[in-house]
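# Survey of secondary and tertiary structure
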Amino acid sequence: ILPSGEAYFISGDNPKSPGDIFTTHIIKSYVPVNVKVIDEKTKLSINNCTITSFVSRDPAPIEQQVALNGAAVFRLKNVLQRYTFVVHAPGYLSSDETLDFLNYVQSSDTGLTISLKQPKIGQTIKLNHIYFETGKAELLAESHFELETLSEMLKSNPGMKILIAGHTDNVGEHKNNVQLSNDRVRTVVDWLIAEGVEKERLQYKGYGESKPLASNTTEEGRAKNRRVEFVILKK
């Protein structure tokens with residue numbers, strides 16, 4: 001086998017002839033992904049962090065490693081997937097990055113650097129993957145990945161207290177939008193409590209359409225305004 005990964009073999013069943021010579025490439029049964037975790041401000045490695053790999057939107061983890069030196073190597077066996085890597089570390093907000101292997105497989109080792117932020121009181125963080133039934137407060141299964149991440153972050157930072165804030169677009173009556181957003185974030189809080197997060201660390205409030213991020217005149221803008229966030233009250 002050559003250093004390039006190319007190999008050769010001989011095929012033939014005629015004892016008077018050595019047969020034809022073929023070449024092929026050795027196909028790896030996995031793709032190695034080097035994950036490094038750093039402090040966003042100092043750019044230094046973060047020690048004693050936990051890195052978990054998932055198939056995106058699937059709450060069941062594939063592999064989890066404790067990276068004492070801020071780095072770990074994951075071997076993705078079924079590479080035709082979209083993978084998400086989530087990092088938790090004491091004293092930091094959790095973060096995640098996604099690698100998309102649906103359309104291609106890289107032939108060389110893949111590197112991924114994930115930056116973590118230290119929490120600040122009053123800081124607002126958007127939860128990008130919380131989904132509900134249309135017009136209802138029932139969580140969809142696709143939300144579990146994001147909720148697990150939030151739950152683990154709170155458990156990694158036992159002194160942290162947060163406010164879960166819900167927002168809608170301007171479709172419908174204001175009173176109904178406030179009620180819907182309030183019901184939805186209450187559902188999120190109930191889910192976290194069921195996962196073992198202490199009730200006294202969690203508050204929630206629905207704002208309806210009163211705090212838009214974008215114009216409600218387009219579907220794109222309305223989609224941005226329909227969101228769930230959390231605000232750090234105590235770190």
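Right, let's walk through the structure included here. These numbers come from a predicted model, not from an experiment.

Cut-offs used in this document
- Residues numbered from 1 in each chain as written.
- Predicted model: local features only at pLDDT ≥ 70, side-chain atom pairs only at ≥ 80, totals over all residues.
- Heavy atoms only, no water.
- Helix = DSSP H or I, 4+ residues; strand = E, 2+ residues; numbered from the N terminus.
- Areas by Shrake-Rupley, 256 points an atom, 1.4 Å probe, with all protein chains shown as cover.
- Salt bridge = Lys/Arg side-chain N within 4 Å of Asp/Glu carboxyl O.
- Buried < 20%, exposed > 50% of the residue type's maximum accessible area, 1.4 Å probe, protein only.
- Pairing = 2+ DSSP bridges.
- Axes fitted to C-alpha atoms, helices over the stretch in contact; angles between N-to-C directions.

Now for the overall build of the protein chain. Along the protein chain, the regular secondary structure elements total three helices and 13 strands. When the accessible surface of the protein chain is split by element, carbon and sulfur atoms take 50% of a total near 13800 Å².

This brings us to the pattern of salt bridges. Note on pairing: side chains with opposite charge can pair once their charged atoms come close. What the rule picks out here adds up to seven salt bridges. Between Arg186 and Asp183 there is a salt bridge whose closest N-O contact spans 3.2 Å. One end of the pair, Arg186, and the other, Asp183, are both in helix H2 (residues 174-194), three residues apart, so they sit about a helical turn from each other. When its relative accessible area of 36% is taken as the criterion, Arg186 is described as partly exposed. In this structure Asp183 comes out as buried when scored by relative accessible area, which is 18%. Between Arg201 and Glu198 there is a salt bridge, with its nearest N and O atoms 3.1 Å apart.

For the rest of this paragraph, the subject is the sheet that holds strand S3 (residues 31-39). As summarised here, the arrangement of the three strands in space is S6-S3-S9, forming an open sheet in which the pairing is mixed. With one partner strand each, in any of the chains shown, strand S6 (71-76) and strand S9 (110-116) form the two edges of the open sheet. Each adjacent strand pair in this sheet contributes to an overall mean axis angle of 25°, direction not counted. The pairing of S3 with S6 spans six bridges and is antiparallel.

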